[in-house]
Amino acid sequence: MNTATTLLTAENIHKSYTGKAEPVHVLKGVDIAVNRHDLTAIVGSSGSGKSTLLHILGGLDRPDKGTIRFRDADLSRMNDESLADFRNRNIGFVFQFHHLLPEFTALENVFMPGLIAARPMPEIRQRAEYLLEETGLKNRMDHRPSELSGGEQQRVAVARALMNGPEIIMADEPTGNLDEANTDKLLSLLMDIREKEQTAIVLITHDTRIAAIASTVYHLHHGRLEAPAHSNS
Ligand SMILES: Nc1ncnc2c1ncn2[C@@H]1O[C@H](COP(=O)(O)OP(=O)(O)OP(=O)(O)O)[C@@H](O)[C@H]1O
Ligand SMILES: [Mg+2]
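S.K.: Would you mind going over the overall build of the protein with me for this structure?
M.R.: Summing up its helical and strand segments, the protein has seven helices and 10 strands in all. Relative to a compact globule of 233 residues, whose C-alpha radius of gyration would be 17 Å, the protein shows 17 Å and is just as compact. When its C-alpha atoms are laid out on the principal axes, the protein stretches across 45 × 45 × 40 Å. Looking at the protein residue by residue over its 233 residues, the buried ones come to 38%. Considering only intrachain contacts with a sequence separation of at least 6, the fraction spanning at least 24 residues in the protein is 70%.

Below, the structure written as structure tokens:
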């Protein structure tokens, strides 16, 4: 592996959920490295911990044990505020359900991460318009999420994830809620982005076509990532 291009490294990640119910030890020593421009797929059965892992890799949640580095930054050493700011600037998220803000238009949803990062408004607007055009939504910019189709909502979510030019996108079954035509559209959009912006993508998916083109496919099983079942790199 060429360490010069390593973007994200996680080592010995453990995570348990404890509450009123029986504790669940979900992650039991996960190691992963993602290079620039990699397309990393994570597969595994329902409840195996895929979403938990993705949230931890992206700094949305913290592990009980283990380290996550993004370039030179150690996410575990950041306080909540720095971590939120870091995430907003460097990591794009796309979830199974779009999580768009219902009271805002497509354009406003897309430029929100830019506003949060306190970037100048003209620049934010231009980038948001560009991204909506790129995602085929030029004529839907002023629509609210409820006035968009499921596929369109998900493409807005992708445009939003790209707002601050992240080097990595974390996508949690982004096509899980779409029909075949919209799945194809979304996947080819993600692949285009990867080429154009040289973005790395970590994707939780059941889509076998992704597995065929991914740099690496990991299988999350018994709390660990198993040796790649398939690797193109
Ligand atoms: N907040 C929580 N509190 C307690 N247990 C949780 C919590 N979140 C997840 N779990 C448990 O942790 C395990 C892993 O959940 P996770 O959502 O990461 O699985 P997943 O692989 O993404 O599943 P799916 O394919 O169904 O989305 C599950 O058994 C789940 O019940
Ligand atoms: Mg999940």
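S.K.: Is there a simple way to think about the sheet that holds strand E1 (residues 6-17) in this case?
M.R.: Strands pair in a sheet through their backbones, by hydrogen bonds, and they do so in one of two ways: parallel or antiparallel. Taken together, the four strands give an open sheet; going across it, the order is E2-E1-E4-E5, and neighbouring strands pair in antiparallel fashion. Only two strands of the sheet have a single partner each, and these edge strands are strand E2 (24-35) and strand E5 (73-74). The pairing of E1 with strand E4 (residues 65-70) spans five bridges and is classified as antiparallel. By the bridge assignment for E4, His14 is matched with Lys65. Sitting on the sheet, helix H1 (residues 50-57) is in contact with E1, E2 and E4, with an inclination near 130° to E1.

S.K.: What am I meant to see in the nonpolar core here?
M.R.: One recurring pattern in soluble globular proteins is that nonpolar side chains are buried together. Counting residues in hydrophobic clusters, the biggest one holds 59 residues, and the most contacted among them are Leu57, Val110, Met170 and Val202. Among the elements that take part in this core, helix H5 (residues 150-162) stands out by supplying six residues, more than any other. In contact with Val202, other than residues within four places in its own chain, are Val34, Thr40, Ile42, Leu54, Leu57, Ile168 and Met170.

S.K.: Please clarify how the pairing of strand E7 (residues 168-172) should be interpreted in this entry.
M.R.: Every regular strand shows the same layout, with side chains that alternate between the two sheet faces. The buried fraction of E7 amounts to five of the five residues, a majority that puts the element mostly inside the structure. Alternating residues of E7 divide into Ile168, Met170 and Asp172 and Ile169 and Ala171, and every residue in both groups is buried. Pairing between E7 and strand E8 (residues 200-204): five bridges, direction parallel. Bridged to Ile169 within E8 is Ile201. For the crossover that starts at E7, traverses helix H6 (residues 180-197) and ends in the parallel E8, the hand is right-handed.

S.K.: So what exactly am I meant to see when it comes to the site of ligand 1 here?
M.R.: Tyr17, Gly19, Val24, Val26, Gly44, Ser46, Gly47, Ser48, Gly49, Lys50, Ser51 and Thr52 make up every residue found near ligand 1. Those elements that place two or more of their residues in the shell around ligand 1 are E2 and H1. Taken together, the residues of the shell around ligand 1 sort by class into three nonpolar, eight polar and one charged.

S.K.: I would appreciate a short explanation of H1 in the present structure.
M.R.: Working note: α-helix, 3.6 residues per turn, so residues spaced by three or four point in the same direction. Buried residues dominate H1, accounting for six of its eight residues. Every buried residue of H1 is listed here: Lys50, Thr52, Leu53, Leu54, Ile56 and Leu57. Once H1 ends, the next one or two residues include Gly59, with phi positive near 75°.

S.K.: Please clarify how the environment of Phe95 should be interpreted in this entry.
M.R.: With respect to the helices and strands, Phe95 occurs in the loop between strand E6 (91-94) and helix H3 (106-116). With 20 C-beta atoms counted inside 10 Å, the residue Phe95 sits in the buried group. Considered as a pair, Phe95 and Leu27 are 68 residues apart in the sequence and their alpha carbons are 20 Å apart.

S.K.: Could you clarify how one ought to interpret the packing of H3 against H5 in this entry?
M.R.: Angle between the axes and distance between the axes are the two parameters that describe a pair of packed helices. The interhelical angle for the contact between H3 and H5, taken along N-to-C directions, is 30°, at an axis separation of 7 Å. One element, H3, and the other, H5, form an angle in the roughly parallel class. By crossing handedness, the relation of H3 to H5 is classed as right-handed. Between H3, through Ala106, Asn109, Val110, Met112 and Pro113, and H5, the contact on the second element is made entirely by Val156, Ala159 and Arg160.

S.K.: Even after reading the chapter, I still don't get the environment of Gly92, so can you show me in this structure?
M.R.: Tracing the sequence through the fold places Gly92 in strand E6. With sequence-adjacent residues up to four places away left out, Gly92 is seen in contact with Ala161, Leu162, Pro166 and Ile169.

S.K.: Looking at this model, I keep getting lost on the pairing of E1. Mind explaining?
M.R.: Alignment of E1 against E2, held across nine bridges, turns out to be antiparallel. Note that in E2 the partner of His14 across the bridge is Lys28. In this structure, the hairpin formed by E1 and E2 is closed by a connection of six residues.

How each quantity is defined
Residues numbered from 1 in each chain as written. Chains lettered and ligands numbered in written order. Predicted model: local features only at pLDDT ≥ 70, side-chain atom pairs only at ≥ 80, totals over all residues. Helix = DSSP H or I, 4+ residues; strand = E, 2+ residues; numbered from the N terminus. Rg over C-alpha atoms; globule rule 2.2 N^0.38 Å. Buried ≥ 20, exposed ≤ 12 C-beta atoms within 10 Å, placed from the backbone. Contact = placed C-beta atoms within 7 Å. Pairing = 2+ DSSP bridges. Axes fitted to C-alpha atoms, helices over the stretch in contact; angles between N-to-C directions. Core = buried A, V, L, I, M, F, W, Y, C linked by C-beta atoms within 7 Å. Right-handed = clockwise from strand over helix to strand, strands pointing away. Near = placed C-beta within 6 Å. Nonpolar A, V, L, I, M, F, W, Y, C, P; charged D, E, K, R; others polar. Parallel < 35°, antiparallel > 145°, perpendicular 65-115°, else oblique. Left-handed = near helix turned anticlockwise from the far one by under 90°.

The quantities given are spatial measurements derived from coordinates; they are silent on function.
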